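Fold and contact review
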Amino acid sequence: MNTTDHARNVFLVGLKNAHAMEKQALSIMQPQINRLEHYPDLAQRLQAHVNETEGQISRLESIFESIQESHSAAKDTLLSAFGSMAALGHVVTGDEVVKNSFANLAFENYEIAAYTSLITAARAAGANDAVALLQQNLDEEHAMAEWVERNIPAVTEKFIALQGTDASAKT
């Protein structure tokens, strides 16, 4: 096997991982949106990112089609299940919205790293047509990570303010 074949294998595995990762992201965000009562800006931005994520999945699927490959249904299902479990992990905590913000920032940075690596693998594999689509996904992940990071103080402040009321501060 030559270097190009190795690069293609790395690219294909990374592409399948990215597809499953985005399915996982959806399974993490949707339950959060459904539970948010007192954080409308956060709910709105999460919903916008759900829409972006669906677009990212479409772009990944178009790359699969262009290289005559398919995503891994098993990986998609497994990571979606893990995402659903992760979304439930903070439900029992008193500061659910704050902990979800931390986890969301970590996940966005994981996606940034995954796309950065995948773009490098695409170039090495000669899959140059995929690079622009992957870059668009990466740009959206950067924007979301920056938004989450900038808004952690506002979420924390609102959480603190709601602590002294009858409203549930955690969502």
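Residues numbered from 1 in each chain as written. Predicted model: local features only at pLDDT ≥ 70, side-chain atom pairs only at ≥ 80, totals over all residues. Heavy atoms only, no water.

**With respect to the packing of helix H4 (residues 96-125) against helix H5 (residues 128-163)**
Heads up, the condition is: A fitted line through C-alpha atoms represents every axis, and for helices the fit uses only the stretch in contact; the resulting angles, taken between N-to-C directions, go from 0 to 180 degrees. The numbering of helices and of strands both runs from the N terminus, where a helix is a DSSP run of H or I of at least 4 residues and a strand a run of E of at least 2. When an angle is under 35 degrees it counts as roughly parallel; over 145 it counts as roughly antiparallel; between 65 and 115 it counts as roughly perpendicular; any other value is oblique. Crossing handedness is read from the near helix: turned anticlockwise from the far helix by less than a right angle, it gives a left-handed crossing, and turned clockwise, a right-handed one.
For the pair H4 and H5, the least separation of the axes is 8 Å and the interaxial angle reads 165°. When the axes of H4 and H5 are compared, the pair comes out roughly antiparallel. For the crossing formed where H4 meets H5, the hand is left-handed.

**Remarks on the environment of Ala 154**
For clarity, the threshold we go by: Relative accessibility thresholds used throughout: buried, under 20% of the residue-type maximum; exposed, over 50%; partly exposed, between the two (1.4 Å probe, protein chains only).
Locating Ala 154 in the fold gives a position in helix H5. Accessibility expressed as a relative area gives 39% for Ala 154, which makes it partly exposed. In sequence terms Ala 154 and Tyr 39 are 115 residues apart; their C-alpha atoms lie 9.7 Å from each other.

**Some details on the pattern of salt bridges**
For clarity, the cut-off: Throughout this description, the term salt bridge denotes a Lys or Arg side-chain nitrogen within 4 Å of a carboxyl oxygen of Asp or Glu.
The tally for this structure, following the rule as stated, stands at 5 salt bridges. A salt bridge links Arg 8 to Glu 69, with the shortest nitrogen-to-oxygen separation between them at 3.3 Å. Of this pair, Arg 8 sits in helix H1 (residues 3-35) while Glu 69 sits in the loop between helix H2 (40-66) and helix H3 (73-89); the two residues are 61 residues apart in sequence, bridging distant segments of the chain. The exposure class assigned to Arg 8 is partly exposed, which follows from its relative accessible area of 33%. Judged by its relative accessible area of 29%, Glu 69 is partly exposed. Between Lys 99 and Asp 95 there is a salt bridge, with the nearest N and O atoms lying 3.0 Å from each other.

**A look at H2**
To keep it simple, the criterion reads: In this analysis, the expected span of each helix is defined as 1.5 Å times one less than the number of residues it contains.
A rise of 1.5 Å per residue sets the reference length of H2, with its 27 residues, at 39 Å; its end C-alpha atoms lie 39 Å apart and thus fit the reference within 8%. The first or second residue beyond H2 is Gln 68, which carries a positive phi of 55°.

**As for the packing of aromatic side chains**
Using the following cut-off: Any two of the Phe, Tyr and Trp rings considered here, Trp counted by its six-membered ring, make a pair once their centres fall within 6.5 Å; the pair's planes then place it as stacked at under 30 degrees, edge-to-face at over 60, or tilted in between. Placement of a charge over a ring requires the Lys NZ or Arg CZ to be within 6 Å of the ring centre, with the centre-to-atom vector within 35 degrees of the ring normal.
One pass over the structure, following the stated rule, counts 1 aromatic pair. Stacked on the ring of Tyr 39, the Lys or Arg Lys 158 has its end atom at 5.8 Å from the ring centre.

**Some details on the packing of H2 against H5**
Rule in force here: Contact definition: two residues touch when any of their heavy atoms are within 4.5 Å. Polar here means any residue outside two lists: the nonpolar Ala, Val, Leu, Ile, Met, Phe, Trp, Tyr, Cys and Pro, and the charged Asp, Glu, Lys and Arg; Gly therefore counts as polar.
It is at 10 Å that the axes of H2 and H5 come closest, and there the two elements cross at 165°. Considered as vectors, H2 and H5 are oriented roughly antiparallel to each other. Two packed elements cross with a definite hand, and for H2 against H5 that hand is left-handed. When H2 is examined against H5, the residues Pro 40, Asp 41, Leu 42, Arg 45, Leu 46, His 49, Glu 52, Gln 56, Arg 59, Leu 60, Ser 62 and Ile 63 are found in contact with a partner set consisting of Ala 130, Leu 133, Leu 134, Gln 136, Asn 137, Glu 140, Glu 141, Ala 143, Met 144, Trp 147, Val 155 and Lys 158. Tallied by class, the residues present in the contact of H2 with H5 amount to 12 nonpolar, 5 polar and 7 charged.

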